[in-house]
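Residue strings, one per chain:
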Amino acid sequence: MNDSHSSSFDSASKAAIDQNVGRSRRNGNGDQTLATDIPRHWHDIFWLGVFLFHLMGLALALAVLGLNRFKKSDRFNFDRYTTNTIGTVGNSLGLTEDYWPMYGLGGGVGTVLGWAWLLLLGFQANHMMKISVHIFTTYLAVVSVLCFWSEHFLRGVTFAIGVALQFLYVISVIDRLPFTMLVLQKAVKMSWSLPEVMRVSYAFMLVMLLWMGLWSFGAAGVVASNINLNGRWWLLVVLSLSLFWTGAVLCNTVHVIVSGMVFLVLIHGGREAASMPPNSLMKSLRYSVTKSFGSICYGSLFTAAIRTLVGETLVRFFNKYAYVQIAVHGKSFNRSARDAWELFQSTGVEAIIAYDCSGAVLLMVTLLGGLITGTCSGVWTHIKWDDDRVTMVGSTAMLMGMVLVGLAMVVAESAVTSIYICYAEDPLLIHRWDAEFFNQLSEALHQRLQHRSSRAREVLTQNRLNVGIQENVPP
């Protein structure tokens with residue numbers, strides 16, 4: 001009986017791979033088309049309006065908050081509405097320009113780190129990713145020790161907990177890192193074969209830097225304000241949430257643009273192919289910032305938070321693979337996420353996606369960039385003031401660095417998601433691009449399906465034993 005179940009599970013795993021490969025034969029002549037060749041429609045317009053309205057309102061608020069203490073203390077007489085009592089650190093004479101340079105340093109460091117990572121990944125992607133994982137853990141440990149040494153116990157404990165969690169996570173996925181590094185290496189190879197998408201990433205980083213100029217102007221005004229400590233923290237939290245959403249929108253816009261280009265290159269067999277449509281990058285860019293922008297704004301508001309939760313229902317409707325479907329087929333976000341997830345489950349590719357931890361590795365690089373940025377701004381602030389303003393400036397500058405480095409890392413992440421979507425829809429696209437990588441993906445898929453089959457057999461056997469024991473127990 002067990003042998004029959006064993007053979008049935010093994011045959012099921014092989015059948016899933018055969019079904020996956022067989023999907024490629026239905027479009028053997030490259031019959032798939034990118035959404036640039038078919039009519040597109042506007043989607044998620046409500047969220048587009050919400051994002052633009054939020055952006056315009058926030059721009060006005062940031063300008064007012066910054067100008068209130070720029071060159072002149074309390075220009076708009078806001079102090080009459082605030083209370084300078086409990087929780088105040090005595091900085092009522094502070095001006096916006098006292099703190100703005102610290103944020104300027106953070107923006108500059110974040111931009112340099114983002115550009116540097118993009119350049120270095122093109123030469124030594126595998127080594128850079130491994131080094132990043134180790135440096136991130138070491139950096140957290142060093143910062144924790146320094147916090148304890150300077151008698152900042154709470155900060156030291158926070159970073160120490162971060163070190164422990166990071167170490168435990170790396171130990172738990174250490175057997176998955178070779179496959180993860182393989183996928184990231186191939187994704188970087190694909191990205192670097194498309195210099196135009198690299199230029200798009202650089203351009204969006206500059207756009208983000210310009211917005212951060214205004215954002216940090218307002219944030220510096222909040223730090224310099226005469227509002228009590230709790231009030232200033234709440235304002236900074238609100239501003240940080242806004243910056244997080246804005247940064248996610250720009251990152252996912254790059255994601256859609258890169259995904260569209262990668263899919264086109266794989267379908268047509270190379271960027272130099274005669275069948276490659278002209279001005280494909282500009283078309284992808286135009287659709288990303290117009291008809292697909294509402295879907296990007298909607299997805300950016302929820303995807304980052306949902307990715308940290310466990311629940312198939314949530315992942316089904318909010319996942320990063322939706323951006324590939326948006327780029328390729330021009331669908332709404334929810335439909336794109338649902339179709340991508342159903343595609344992975346029907347072909348079995350979801351098994352290797354669950355095994356791959358490239359997203360976590362790229363997140364470590366992003367967090368490392370944020371920590372370095374926050375440290376630079378925090379140290380400068382600490383030299384001038386040793387109070388709560390150090391944490392305020394350091395933490396918000398860290399977010400700036402994470403957003404800027406994330407705009408660089410999204411190029412690799414979008415290539416990873418595009419590779420998986422292509423492999424699920426038409427495996428021969430990957431085979432035509434890199435036959436060796438195709439074989440490695442297929443072998444990994446077969447192993448993961450066998451692993452799941454083995455786990456399922458164990459559960460079935462245990463259930464039978466439990467039922468047998470219950471039946472033999474006298475009433």
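Some remarks on the overall build of the protein chain
Argument step 1. A count of helical and extended segments in the protein chain gives 17 helices and zero strands.
Argument step 2. Here the contacts in the protein chain between residues at least 6 apart in sequence split such that 80% fall between residues at least 24 apart.
Argument step 3. Working note: accessible area of the protein chain is about 21800 Å², and carbon and sulfur atoms make up 66% of it.

Some remarks on the confidence of the model for the protein chain
Argument step 1. For the protein chain, mean pLDDT is 80; residues scoring 70 or higher make up 81% of the total.
Argument step 2. Here helix α1 (residues 2–22) stands out as the least confident element of the protein chain, with mean pLDDT 45; helix α2 (residues 45–67) is the most confident, with 93.
Argument step 3. Under a pLDDT of 50 for its full length, residues 1–19 has, in the predicted model, 24 contacts with residues more than four places off or in other chains.
Argument step 4. Low pLDDT, under 50, characterises residues 21–36; the predicted model gives this stretch 32 contacts beyond four residues in sequence or across chains.

Looking at a nonpolar patch on the surface
Argument step 1. A contiguous nonpolar patch, built from Leu105, Val379, Trp380 and Ile383 and spanning about 360 Å² of accessible area, is present on the exposed surface.
Argument step 2. When residues of the nonpolar patch are assigned to their parent elements, the largest contribution, three residues, is made by helix α14 (residues 358–384).
Argument step 3. Topologically, Trp380 is positioned in helix α14.

Structural notes on the side chain of Thr96
Argument step 1. Considering the arrangement of structural elements, one finds Thr96 in helix α3 (residues 96–149).
Argument step 2. Residue contacts for Thr96: discarding those within four places in its chain leaves Leu65, Gly66, Arg69, Phe70, Phe217, Ala220, Gly221 and Ala224.

Details of the pattern of salt bridges
Argument step 1. Under the defined criterion, the tally for this structure stands at five salt bridges.
Argument step 2. When the shortest N-O distance is used, the salt bridge between Asp434 and Lys189 registers 3.3 Å. Within this pair, whereas Asp434 is found in the loop between α16 (427–433) and α17 (435–472), its partner Lys189 is found in helix α5 (residues 177–192), the two being separated by 245 residues in sequence.
Argument step 3. For Asp339, the salt bridge is made with Arg335, and the minimal N-O distance between the two is 3.6 Å. You can see Asp339 and its partner Arg335 sitting in helix α12 (residues 333–347), four residues apart, about one turn around the helix.
Argument step 4. Among the residues examined, Asp339 registers a relative accessible area of 18% and is labelled buried.
Argument step 5. Judged by its relative accessible area of 45%, Arg335 falls in the partly exposed class.
Argument step 6. Linked through salt bridges whose partners overlap, the residues forming this network are Lys186, Lys189 and Asp434.

Here we look at the nonpolar core
Argument step 1. Met208, Trp215, Ile352, Tyr420, Ile430 and Leu441 are the most contacted members of the largest nonpolar core, which has 108 residues in total.
Argument step 2. Of the residues forming this core, the biggest block, 21 residues, is contributed by helix α15 (residues 388–425).
Argument step 3. The contact partners of Tyr420, leaving out residues within four places of it in the chain, are Phe179, Val183, Tyr321, Phe344, Val349, Ile352, Ile353, Asp356 and Leu441.
Argument step 4. Judged by nonpolar contacts, the second largest core, of 15 residues, contains Phe293, Cys297, Ala322 and Ala337.

What about helix α4 (residues 153–172)?
Argument step 1. With 20 residues, α4 should cover 28 Å at 1.5 Å per step; its first-to-last C-alpha distance of 29 Å lies within 8% of that length.
Argument step 2. For α4, the full list of buried residues reads Gly156, Val163, Gln166 and Val170. Burial along α4 is one-sided: seen end-on, the buried residues are contained in an arc of 90°. For α4, the exposed residues lying more than 90 degrees away from the buried face are Phe153, Leu154, Leu165 and Leu168.

A look at helix α8 (residues 280–288)
Argument step 1. Within the sequence span of α8, burial applies to Ser280, Leu281, Ser284, Tyr287 and Ser288. Along the axis of α8, the buried residues cluster in a sector spanning 135°; they form a single face.

Considering unusual backbone geometry
Argument step 1. With a phi angle near 50°, Asp44 is a residue other than glycine that sits in the positive phi range.
Argument step 2. Along the chain, Asp44 turns up in the loop between α1 and α2.
Argument step 3. The exposure class of Asp44 is partly exposed, given its relative accessible area of 22%.
Argument step 4. The backbone of Lys71 sits at a positive phi, close to 70°, despite the residue not being glycine.

About the thresholds
Residues numbered from 1 in each chain as written. Predicted model: local features only at pLDDT ≥ 70, side-chain atom pairs only at ≥ 80, totals over all residues. Heavy atoms only, no water. Helix = DSSP H or I, 4+ residues; strand = E, 2+ residues; numbered from the N terminus. Contact = heavy atoms within 4.5 Å. Areas by Shrake-Rupley, 256 points an atom, 1.4 Å probe, with all protein chains shown as cover. pLDDT = per-residue confidence, 0-100. Patch = residues over 30% accessible without salt bridge, like charges linked within 9 Å, V, L, I, M, F, W, Y side chains within 5 Å. Salt bridge = Lys/Arg side-chain N within 4 Å of Asp/Glu carboxyl O. Buried < 20%, exposed > 50% of the residue type's maximum accessible area, 1.4 Å probe, protein only. Core = buried A, V, L, I, M, F, W, Y, C linked by side-chain atoms within 4.5 Å. Expected span 1.5 Å × (residues − 1). Arc of directions from axis to C-beta.

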